[in-house]
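Spelled out from the first residue to the last, the chains are:
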Amino acid sequence: EGIVTPSSTIQTKGIYRYYDSYQPRCWVYTGTGLTHGNINVIKALEVSCNYYFYEVGRLLGIETMNRYCTSFGLGQKTGIELPESVGILAGPAWRDAVGYAEWAPTDTLAAAIGQSDNRFTPLQLCVYASTLANRGTRYKATFLNRVVSSDYRELLLQNETAVASVMEISDDAYLAYSEGMQLVTKKTEKWTGTAYSTFEDYPINVAAKTGTAQTGINGTSDHGAFICYA
């Protein structure tokens, strides 16, 4: 959308103070007072910088953000051959449909890092990762590859891949998120990717993103979330 380029940077300041009523903090700032400094989108993916995505989410706006979320299959049926939960794609449309409080600009900040009302299934996250890997082509999820006869001699059915949607992803955008997601599993001179401790010296390049799925239940631990392609 031209909001940022792979080389443009944002000065992260720990506490996002654009709105008086809601000033969320980057995870690295909480408890340490540190910031990620002046970073671009590639580094923001590598270190999972909340502040960076607060700013980009605000500039992008919830309607545009959700148009892309839908294309990535978030809050959408995956097409799997089993009953499935659709989950929730946070935004004004969902709030209006269920009669919740009106969407506020500050809600967009939380939605930009996957919070707010967002509720996605693990399978939707798999489809999301697959669509990133396939440069915008989203396939319907399936468990079925093929069906053969009981003696394995005859192929009864070969399942064909089905495209759910296609969107255009530019070369610059693809290279930027591919590099940023690969750095999540690596260590550079200045930064350590958020999944480096697991993938240290792994011989295959893995593009990944770590996340935290909050339960919303007091006194319970959050869940770790992780997507990748390789």
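You'll find the structure just up there.
I will try to describe carefully the structure that is included in this document.

Some remarks on the pattern of salt bridges
A side chain of one charge can pair with a side chain of the opposite charge when the charged atoms of the two come close. Tallied over the full model, the rule gives 6 salt bridges. Between Glu46 and Lys43 there is a salt bridge, with the nearest N and O atoms lying 3.0 Å from each other. Here Lys43 and Glu46 lie together in helix α1 (residues 41-47), a separation of 3 residues that amounts to about one turn. According to the relative accessible area criterion, Lys43 is partly exposed, its value standing at 21%. A network of salt bridges, in which partner residues are shared, links Arg95, Asp107 and Asp117.

With respect to helix α6 (residues 122-133)
With 12 residues, α6 extends 17 Å from end C-alpha to end C-alpha; this agrees with the ideal 16 Å at 1.5 Å per step. By the burial criterion, the buried members of α6 are Gln124, Val127, Ala129, Thr131 and Leu132. With its phi angle positive at about 55°, Arg135 sits one or two positions after the end of α6.

Some words on the environment of Thr194
Within the secondary structure, Thr194 sits in the loop between α7 (171-183) and α8 (196-199). Separated by 11 residues in sequence, Thr194 and Leu183 have C-alpha atoms that sit 8.7 Å apart. If we skip the residues at most four places from it in the chain, Thr194 touches Glu46, Val47, Ser48, Val184 and Thr210.

With respect to the pairing of strand β5 (residues 155-158)
By the bridge criterion, 3 bridges tie strand β4 (residues 146-148) to β5 in an arrangement that is antiparallel. Of the residues in β5, the one forming a bridge with Arg146 is Gln158. Two successive antiparallel strands, β4 and β5, enclose a turn made up of 6 residues, where Tyr152 displays a positive phi of approximately 65°.

Overview of a nonpolar patch on the surface
Together, Leu144, Val147, Leu156 and Leu157 give the surface a local cluster of nonpolar side chains, amounting to about 300 Å² of exposed area. Looking at the secondary structure, you find Leu157 in strand β5.

Focus on the environment of Lys209
Structurally, Lys209 is set in strand β7 (residues 207-213). With 16 residues separating them along the chain, Lys209 and Ala225 place their C-alpha atoms 8.3 Å apart. With residues near it in sequence (within four places) discarded, Lys209 still touches Leu45, Ser48, Met181, Val184, Ala225, Phe226 and Ile227. There is a polar contact of 2.8 Å between the side chain of Lys209 and the side chain of Ser48.

Here's the deal with the packing of helix α2 (residues 50-60) against helix α5 (residues 105-112)
If you want to describe how two helices pack, look at the angle between their axes and the distance between the axes. For the pair α2 and α5, the least separation of the axes is 8 Å and the interaxial angle reads 130°. As the angle between them shows, α2 and α5 are arranged oblique. Seen along the crossing, α2 lies across α5 with a hand that is right-handed. From α2, Phe53, Tyr54, Gly57 and Arg58 reach across to α5, where they touch Thr108, Leu109 and Ala112. Of the residues that constitute the contact of α2 with α5, the class distribution is 4 nonpolar, 2 polar and 1 charged.

Regarding the side chain of Gln124
With respect to the secondary-structure elements, Gln124 resides in helix α6. Apart from the residues lying within four places of it in its own chain, the contact partners of Gln124 are Gly73, Leu74, Gly75, Gln76, Thr78, Ser85, Val86 and Arg119.

So, the nonpolar core
Formed by 19 residues in total, the largest nonpolar core has its most connected members in Ile39, Cys49, Tyr51 and Tyr52. Elements that contribute at least two residues to this core include exactly α1, α2 and α7. When residues no more than four places from it in sequence are discounted, the contact partners of Cys49 are Thr12, Cys26, His36, Ile39 and Ala44. Listed in part, the 9 residues of the second largest apolar core include Met167, Ile169, Met181 and Tyr229.

Cut-offs used in this document
- Within every chain, residues take consecutive numbers counted from 1 along the sequence as written.
- With pLDDT at 70 or above as the cut-off, local features in this predicted model cover only qualifying residues; side-chain atom pairs require 80 or more to be listed or tallied, and sums for whole chains, interfaces and linings still use all residues.
- Note that water and hydrogens are dropped before the side-chain values are worked out from all heavy atoms of the structure.
- When a carboxyl oxygen of Asp or Glu lies within 4 Å of a side-chain nitrogen of Lys or Arg, that pair is called a salt bridge.
- A helix here means a DSSP run of H or I that spans at least four residues, while a strand means a run of E at least two residues long, and both kinds are numbered starting from the N terminus.
- Note on exposure labels: buried denotes an accessible area under 20% of the residue type's maximum, exposed denotes more than 50%, and partly exposed covers the range between, all computed with a 1.4 Å probe on protein chains only.
- To estimate how far a helix should extend, the number of its residues minus one is multiplied by 1.5 Å.
- Residues are treated as being in contact if the distance between any of their heavy atoms lies within 4.5 Å.
- Note: two strands are recorded as paired if DSSP finds a minimum of 2 bridges between them.
- Candidates for patches are residues over 30% relative accessible area with no salt bridge; among them, like charges are joined within 9 Å and nonpolar side chains (Val, Leu, Ile, Met, Phe, Trp, Tyr) within 5 Å.
- With residues, only the protein chains shown are counted as cover, and all accessible areas are computed by Shrake-Rupley using a 1.4 Å probe.
- Between N or O atoms, a polar contact is any pair within 3.5 Å; within protein, one atom must be a potential hydrogen donor and the other a potential acceptor, and residues adjacent in sequence are included only when both atoms are from side chains.
- Between N-to-C directions, angles span 0 to 180 degrees; the directions come from axes that are lines fitted to C-alpha atoms, helices contributing only their stretch in contact.
- When an angle is under 35 degrees it counts as roughly parallel; over 145 it counts as roughly antiparallel; between 65 and 115 it counts as roughly perpendicular; any other value is oblique.
- Left-handed describes a crossing whose near helix is turned anticlockwise from the far helix through less than a right angle; right-handed describes the clockwise counterpart.
- Amino acids are sorted into nonpolar (Ala, Val, Leu, Ile, Met, Phe, Trp, Tyr, Cys and Pro), charged (Asp, Glu, Lys and Arg) and polar (every other residue, Gly among them).
- The criterion is simple. A nonpolar core is a set of buried Ala, Val, Leu, Ile, Met, Phe, Trp, Tyr and Cys residues joined through side-chain atoms within 4.5 Å.

So, to be careful, I would describe these as geometric facts and stop short of saying anything about function.
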